[in-house]
Amino acid sequence: MISRRSFIKSMALGSALAAAQSLLPGIAFPAQAQASANAQGMQWHKTPCRFCGVGCGLLVGVNQGRAVAVKGDPASPVNKGLCCVKGYHVIQALYGKDRLTSAKIRKNGKMVDVPLQEALDVVASQMKQTIAAHGKDSVAVYGSGQWTIPDGYVASKLFKGCIGTNNVEANARLCMASAVTGFLTTFGLDEPMGCYEDIDHADVFVLWGNNMAEMHPVLFSRLLDRRQRDKKVVIVDLATRTTRTSFAADKSILFEPQTDLAIANCIAYQIIKDGRVNRPFVEKHVAFKQGKTEIGYGLEDDFAFKDEATPTDFSSYSRFLEDYTPEKTAALSGVSAADLRYLATLYGDPNRKVVSFWCMGMNQHTRGTWINNLVYNIHLLVGKISQPGNGPFSLTGQPSACGTVREVGTLTHKLPHGVVMNEKDRQMAAEIWQVPVENIAPKPSHHTVSMFRALDRGEIKFMWIQVTNPMVTMPKLKRYRDATKKEGRFIVVSDVYPTPTTDIADVILPSAMWIEREGMFGNSERRTQHFHQLIDPPGEAMSDTLQLIEVARRLGYGDKFPSDPATHIGEIWEEYRRFHDGPKHGMAPYELLKQRPGVLWPFHEGRETKWRYHGATDPAAKGSSFDFYGKPDHRAWIWLRPYEAAPEVPDREYPFWLCTGRVLEHWHSGSMTRRIPILHRAVPAAYAELHPDDATRLGVRDGDNIRIVSRRGALTLEVAIDRRGRPARGHVFVPFFDEHQLINEVTLDAFCPISKQPDYKKCAVRLERV
């Protein structure tokens, strides 16, 4: 493992490149970004990065119709000229040798090339036939947080407004749905109240299950730069495994899986006990609510749950927390009582500004909504929220999980400005979309796991999958892969490379990628980022937006969508922003987006909003102080949420915890990064990361093979010991980027009953020496 000292030294240089070089010794970085800067004919263009949800600004050099160089954009307020190792190599993802350039149709069991227009005809014809035979809810679209905002908007309008089905979902259900329901249940509105500028003001950063050094390395370099400039800054890594983030943190605290619920309640208990509650803030701006408990885990096909908010008060909340004293919580979580009190001290100190960061560790959780609520509770108790350097901040892993999925509303229950269950929201959508309001169904249909279960049962017959790879990423994967192969199912896949998902397709449509088309992303800090088309797509590759519009035209809905490919993105954007008009969520106009490296919303009367819910900074907030206007009572809600165990825990037969996740070099299912040679060479295959003591007990060494077995499947992987991370004893960690080693055949499809987001971090397995 890299030493803590060398890691911190490299990150403290204020350079994500230097940090990445220390993380990947011996690997060269692209020299063309500098060497080609003055090349004849070179032109640099601004664009957001294609990978992750940070939204780093890039300068891409184009020469003779090809993207040939890339560097960080110094003018970007997100990354300030820095990039991570994926960002420095992102343009190479455009040029893989097996890039899809023509459409394909399955004929007599084999995929054959056909003209794109013929393939689009087949897609439209199959949709018509399926709807005629089985009804509108027999068709579905499954998209992504990699959809651009226009992609997702057109998909939602076509399926919800024109066809009339709410079978619209996106893979962001798998990565940030609990963040959404957490924000909604506590504040009444989605997305963070702060922005990345909080990093420049905070004194304490608590990372809740977030390996930020590898998953969001540019932001993490900003944390380290902040600490380098101010020695009182403290970074705490609160996690279930030791990672590179742990090495750089001032304190690393390991806890038992699922017990973050108890830890958060314990911190709140200790804040109250120590007299650190900001009582004026709580009395004016907070209400207390009790929800249902023992709410299940979504394992049954017909599972349904609806929470209820019962009013309670501060006294009842204090009594509820008595079950979470440091001593009781230490026995459950494995975190010492002293460390639990230390965490409470950091949050409770009125002279310290605190930011909490998290990502998949909290969101991919069978009580994901609850743990989001509980971290908000801590910030609300001490009044450290909606101010520079104070606030909870949920990070995302895709470039437009926020902009396309959360803001456009590409989830079954969502509309761009509201929900399908609300009559006024449906009326507004019908007016803007120019469709009968009766077209928009008033009930949600299927969330992601439910949608694939419905495909398995045969209720959904046709599914169009765009810019995502569910045959790698779905939990309990074998069931859902088998579902796609059943009689009477028809699968369309739009993608840029062959994947395990294109393997099961009946039609493959070649997609234009990123700067081969125009579009917008929306990043984690509410920043909308426009990018121009810089190069032509290969062959007949077409943007997902235009694919959807072409099929809509064939279905008879052509008059609902722009007809000019040269101007369609601007027309779509200006129509879409009508949904958000006003001080709460106003979006910048199209021409302004083209001029700037992103614009924060709410954008109102020519100004961005950096901090929401405070009259000094938010145009929607009334008065000069806090105003949580998302709730009818203008108060944020503190929830009484208990610890409840995971649905599957280690036992005698399956004695290990399995946790899955990502690595620095690869992004999600690896379909793009594994085609970037330098990244593929760095980490060519998935592995099973073990604690050295467990390896000794099992009789295996680094590089040996081991078999991971669960109640659902098994997988043989190479053992990794102290290469870059170290799980706790009794734990095994496996990255999921490798399509040749499908760890999701082992995982469990349990989910948070409120958010419907699966838990990829916790299931029980046994390990067998091979």
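From a predicted model like this one, the values you see are computed outputs, not experimental measurements. (Residues numbered from 1 in each chain as written. Predicted model: local features only at pLDDT ≥ 70, side-chain atom pairs only at ≥ 80, totals over all residues. Heavy atoms only, no water.)

Peer 1: Talk me through empty space enclosed by the protein; I want residue IDs and the actual numbers.
Peer 2: By the definition in use, this model includes 5 cavities of 30 Å³ or more. As a volume, the second largest cavity reaches approximately 120 Å³. Along its surface, the second largest cavity is lined by 14 residues, and Phe 51, Cys 52, Cys 56, Cys 84 and Val 218 are the ones closest to its centre. Only α4 (85-88) and α9 (217-229) provide two or more residues apiece to the lining of the second largest cavity. When its residues are assigned to classes, the lining of the second largest cavity shows 11 nonpolar, 2 polar and 1 charged. (1 Å grid on protein atoms, 1.4 Å probe; cavity = no way out; pocket = protein on both sides within 12 Å on 5 of 7 lines; lining within 4 Å. Points joined across faces, edges and corners; volume = space filled by probe spheres on them. Helix = DSSP H or I, 4+ residues; strand = E, 2+ residues; numbered from the N terminus. Nonpolar A, V, L, I, M, F, W, Y, C, P; charged D, E, K, R; others polar.)

Peer 1: Describe the packing of aromatic side chains, with residues and values.
Peer 2: A full pass over the atoms with the stated rule returns 29 aromatic pairs. Measuring from centroid to centroid gives 6.3 Å for Phe 452 and Tyr 480, while their planes differ by 70°, and the two rings are edge-to-face. Residue Phe 452 is found in helix α20 (residues 448-457), and its partner Tyr 480 is found in helix α22 (residues 477-484); the two are separated by 28 residues along the sequence. Here Tyr 480 falls in the buried class, since its relative accessible area comes to 0%. With a centroid separation of 4.9 Å and 45° between ring planes, the pair formed by Phe 521 and Phe 531 is classed as tilted. Here Phe 521 is found in strand β21 (residues 519-522), whereas its partner Phe 531 is found in strand β22 (residues 527-531), with 10 residues between them in sequence. Judged on exposure class, the residue Phe 521 and its partner Phe 531 are both buried. Counting every residue linked through ring pairs, the aromatic cluster contains Phe 183, Phe 187, Phe 281, Trp 358, Tyr 376, Tyr 613, Phe 626, Phe 628 and Tyr 629. Here the basic side chain of Lys 289 rests over the ring of Trp 637, its NZ or CZ set 4.6 Å away from the ring centre. (Phe/Tyr/Trp six-rings, centres within 6.5 Å; stacked < 30°, edge-to-face > 60°. Buried < 20%, exposed > 50% of the residue type's maximum accessible area, 1.4 Å probe, protein only. Lys NZ or Arg CZ within 6 Å of the ring centre and 35° of its normal.)

Peer 1: Help me get a handle on helix α7 (residues 177-187), residues and values and all.
Peer 2: Note: α-helices contain 3.6 residues per turn, so residues at a spacing of three or four share the same orientation. Within α7, 10 of the 11 residues are buried, leaving the element largely enclosed by the surrounding structure. Turning to α7, its buried residues are Ala 177, Ser 178, Ala 179, Val 180, Thr 181, Gly 182, Phe 183, Thr 185, Thr 186 and Phe 187. As for α7, its buried residues are in contact with α16 (360-363), α17 (368-382), β15 (391-394), α18 (401-407) and β24 (636-640). Note on α7: the residue one or two positions beyond its end, Gly 188, has a positive phi of about 85°. (Contact = heavy atoms within 4.5 Å.)

Peer 1: Any chance you could break down the pairing of strand β8 (residues 204-208) for me, citing the residues and the numbers?
Peer 2: Most of β8 sits inside the fold, with 5 of its 5 residues counted as buried. By the alternation rule, side chains of β8 split into Val 204, Val 206 and Trp 208 and Phe 205 and Leu 207, which are all buried.

Peer 1: Break down the packing of helix α11 (residues 260-273) against α17 for me, citing the residues and quoting the values.
Peer 2: With their axes 9 Å apart at the nearest point, α11 and α17 run at an angle of 15° to one another. Classified by the angle their axes make, α11 and α17 are roughly parallel. α17 is crossed by α11, and the crossing has left-handed handedness. The residues of α17 that touch α11, namely those facing Asp 260, Leu 261, Ala 264, Asn 265, Ile 267, Ala 268, Ile 271 and Ile 272, are Trp 370, Ile 371, Leu 374, Ile 378, Leu 381 and Val 382. When the residues that make up the contact of α11 with α17 are grouped by side-chain class, the tally is 12 nonpolar, 1 polar and 1 charged. (Axes fitted to C-alpha atoms, helices over the stretch in contact; angles between N-to-C directions. Parallel < 35°, antiparallel > 145°, perpendicular 65-115°, else oblique. Left-handed = near helix turned anticlockwise from the far one by under 90°.)

Peer 1: So what's going on with the domain arrangement of the chain? Residues and values would help.
Peer 2: Taken as a whole, the chain is organised into domain 1 (43-95), domain 2 (103-175 + 399-561), domain 3 (195-293 + 311-395 + 629-640) and domain 4 (656-769). Spacing between the C-alpha centres of domain 2 and domain 4 amounts to 30 Å. The interface of domain 2 with domain 4 comprises 24 residues on the first partner and 21 residues on the second. For the pairing of domain 2 and domain 4, the buried interface totals around 2100 Å² over both sides, and the portion due to carbon and sulfur atoms is 60%. There are 2 salt bridges connecting domain 2 and domain 4. Run the count over domain 2 and domain 4 and you get 14 residue pairs in polar contact (both at pLDDT 80 or more). Counting only elements with at least two residues in the side of domain 2 that touches domain 4, the list comes to α20, α21 (470-473) and α22. Counting residues per element, the side of domain 2 that touches domain 4 draws most heavily on α22, at 4 residues. Taken together, the residues that form the side of domain 2 that touches domain 4 break down as 14 nonpolar, 5 polar and 5 charged. (Domains from an automatic or database assignment. Buried area = accessible area lost by both parts, 1.4 Å probe. Salt bridge = Lys/Arg side-chain N within 4 Å of Asp/Glu carboxyl O. Polar contact = N/O pair within 3.5 Å; in protein donor to acceptor, adjacent residues only side chain to side chain.)

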